[in-house]
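Listed here are the chains, written in short residue letters.
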Amino acid sequence: MNPAQDSSLLYSSELTRYRLAPNPGPMSLDGTNSYVISAPGAAGTVVVDPGPLDGEHLAALAGAGKVELVLITHRHPDHTEAAARFHEITGAPVRAADPHHCHGGEPLRGGETLHAGGVEIRVLATPGHTSDSLCFHLPADGPDGSVLSGDTILGRGTTVLDYPDGRLGDYLTSLDLLESLGPATLLPAHGPVLPATDIICREYRAHRLMRLEQIRAALDELGADAGVSEVADAVYPDVDPSVRRAAENSVAAQLDYLRR
């Protein structure tokens with residue numbers, strides 16, 4: 001089968017295809033989107049976030065073309081669990097911000113420009129969800145470019161700040177950086193592809209600022225020294241137990257931001 005016609009890989013933009021990993025859950029939504037980057041006619045590909053250790057999933061990614069390079073958006077296992085095995089299968093270097101998740105490749109740096117799969121890929125340091133979060137900007141992907149946003153921006157819902165590793169101040173700065181890309185197509189690691197990264201960034205920022213106001217109001221009611229659990233009860237009264245910990249992490253990050 002021609003890799004471009006593989007029904008398990010769907011086009012997400014002119015230069016990218018993706019495959020949904022079989023790992024749905026409260027935090028991963030429908031599952032992790034693993035992306036394959038390649039220019040038309042290019043001999044090689046770049047795979048972003050190989051995802052969970054699932055043989056069928058990895059075989060489909062490896063079969064999409066000769067893998068030149070594997071990129072990791074951040075350390076969470078739904079993105080990295082299969083990285084070492086995928087390196088063994090393909091021989092391609094795996095590069096991430098965190099050296100622990102590199103296999104046969106050097107750590108990535110924000111501001112670095114890569115050329116692989118016939119595509120220019122700009123590495124953006126976007127901490128906040130985690131300290132090692134990266135996004136990958138493809139400036140030639142369509143009229144406005146595209147950005148693979150990992151978990152920094154999702155296709156639906158909002159991003160959890162994995163405090164204390166993830167920090168709100170860092171996250172707001174990262175939103176500023178991504179907003180500067182303008183109406184680039186947003187290619188998230190969870191949820192559907194979205195247009196206009198700049199608009200989504202403004203919506204995300206407005207949501208964070210709204211939550212900050214809710215937490216300030218809760219502190220006015222509960223007292224300035226109220227704990228994370230008390231504030232979470234006030235701000236997220238109906239949160240599903242499966243995502244309670246995530247809600248508390250976000251509250252902790254926002255309390256840290258307000259109390260600095």
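Quick note: structure is the one above.
Values in this document were obtained by computation on a predicted structure and should not be read as measured data.

Draft legend 1. Expanded view of the packing of aromatic side chains. Applying the stated criterion to the full structure yields 1 aromatic pair. Ring plane angle 40° and centroid distance 6.0 Å describe the contact between Tyr18 and Tyr35, whose orientation is recorded as tilted. Of the two residues, Tyr18 is situated in strand β2 (residues 16–20) and Tyr35 in strand β3 (residues 33–37); the sequence distance between them amounts to 17 residues.

Draft legend 2. View of the layout of surface pockets. Of the pockets and cavities examined, the largest pocket occupies roughly 700 Å³. Every element with two or more residues in the lining of the largest pocket is listed here: α2 (77–80), α5 (197–222) and α7 (244–259). Ranked by the residues each element gives to the lining of the largest pocket, the list is headed by α7, at 5 residues. Along the lines of polarity and charge, the residues of the lining of the largest pocket split into 11 nonpolar, 11 polar and 7 charged.

Draft legend 3. View of the sheet that holds strand β6 (residues 94–95). In space, the 6 strands of this open sheet follow the order β1-β2-β3-β4-β5-β6, with mixed pairing throughout. The open sheet has two free edges, formed respectively by β1 (10–11) and β6, since each of these has just one partner strand. In this sheet, β2 lies alongside β1 in antiparallel orientation, the contact comprising 2 bridges. Considered in β2, the bridge of Leu10 is made with Tyr18. The strands touched by helix α3 (residues 83–90) are β4 (44–48), β5 (66–71) and β6; relative to β5, the strand with the most contacts, the crossing angle is about 155°.

Draft legend 4. Highlighting the pairing of strand β10 (residues 146–150). Among the 5 residues that make up β10, 5 are buried, leaving the element largely enclosed by the rest of the structure. Of the two faces of β10, the one carrying Ser146, Leu148 and Gly150 and the one carrying Val147 and Ser149 are both buried. The pairing of strand β9 (residues 134–138) with β10 spans 3 bridges and is classified as antiparallel. Pairing of Leu138 across the sheet is with Ser146, part of β10. As paired strands, β10 and strand β11 (residues 185–188) are joined by 4 bridges and run parallel to one another. Looking across to β11, one finds that Ser146 is bridged to Thr185. Running through helix α4 (residues 168–179), the crossover from β10 to the neighbouring parallel element β11 is right-handed.

Draft legend 5. Structural detail: helix α1 (residues 55–62). Along α1, the residues that are buried comprise His57, Leu58, Ala60 and Leu61. Buried residues of α1 fall within an arc of 160° about the axis and therefore sit on the same side. Opposite the packed face of α1, turned more than 90 degrees from it, sit the exposed residues Gly55 and Glu56. Residues of α1 that are buried sit in contact with β2, β3, β4, β5 and α3. A side-chain oxygen of the first residue of α1 lies 3.4 Å from the backbone nitrogen of Glu56; this N-cap is Asp54.

Draft legend 6. Spotlight on the environment of Ala234. Relative to the helices and strands, Ala234 is located in helix α6 (residues 228–235). What makes Ala234 partly exposed here is its relative accessible area of 43%. Along the backbone, Ala234 and Thr159 are 75 residues apart, and their C-alpha atoms lie at a distance of 20 Å.

Draft legend 7. Representation of the environment of Pro107 in the model. Here Pro107 lies in the loop between β6 and β7 (113–116). Residues Pro107 and Ala96 lie 11 residues apart in sequence; the distance between their C-alpha atoms is 5.3 Å.

Draft legend 8. Geometry of the packing of α6 against α7. Contact geometry for α6 and α7: axes closest at 9 Å, N-to-C directions at 110°. Judged by the inter-axis angle, α6 sits roughly perpendicular to α7. Taking contact as the criterion, the partners of Val228, Ser229, Val231, Ala232 and Asp233 in α6 are, on α7, Arg244, Glu248, Val251, Ala252 and Leu255. Within the contact of α6 with α7, the residues separate by chemical class into 6 nonpolar, 1 polar and 3 charged.

So, how was this worked out
- Residues numbered from 1 in each chain as written.
- Predicted model: local features only at pLDDT ≥ 70, side-chain atom pairs only at ≥ 80, totals over all residues.
- Heavy atoms only, no water.
- Phe/Tyr/Trp six-rings, centres within 6.5 Å; stacked < 30°, edge-to-face > 60°.
- Helix = DSSP H or I, 4+ residues; strand = E, 2+ residues; numbered from the N terminus.
- 1 Å grid on protein atoms, 1.4 Å probe; cavity = no way out; pocket = protein on both sides within 12 Å on 5 of 7 lines; lining within 4 Å.
- Points joined across faces, edges and corners; volume = space filled by probe spheres on them.
- Nonpolar A, V, L, I, M, F, W, Y, C, P; charged D, E, K, R; others polar.
- Pairing = 2+ DSSP bridges.
- Contact = heavy atoms within 4.5 Å.
- Axes fitted to C-alpha atoms, helices over the stretch in contact; angles between N-to-C directions.
- Buried < 20%, exposed > 50% of the residue type's maximum accessible area, 1.4 Å probe, protein only.
- Right-handed = clockwise from strand over helix to strand, strands pointing away.
- Arc of directions from axis to C-beta.
- Polar contact = N/O pair within 3.5 Å; in protein donor to acceptor, adjacent residues only side chain to side chain.
- Parallel < 35°, antiparallel > 145°, perpendicular 65-115°, else oblique.

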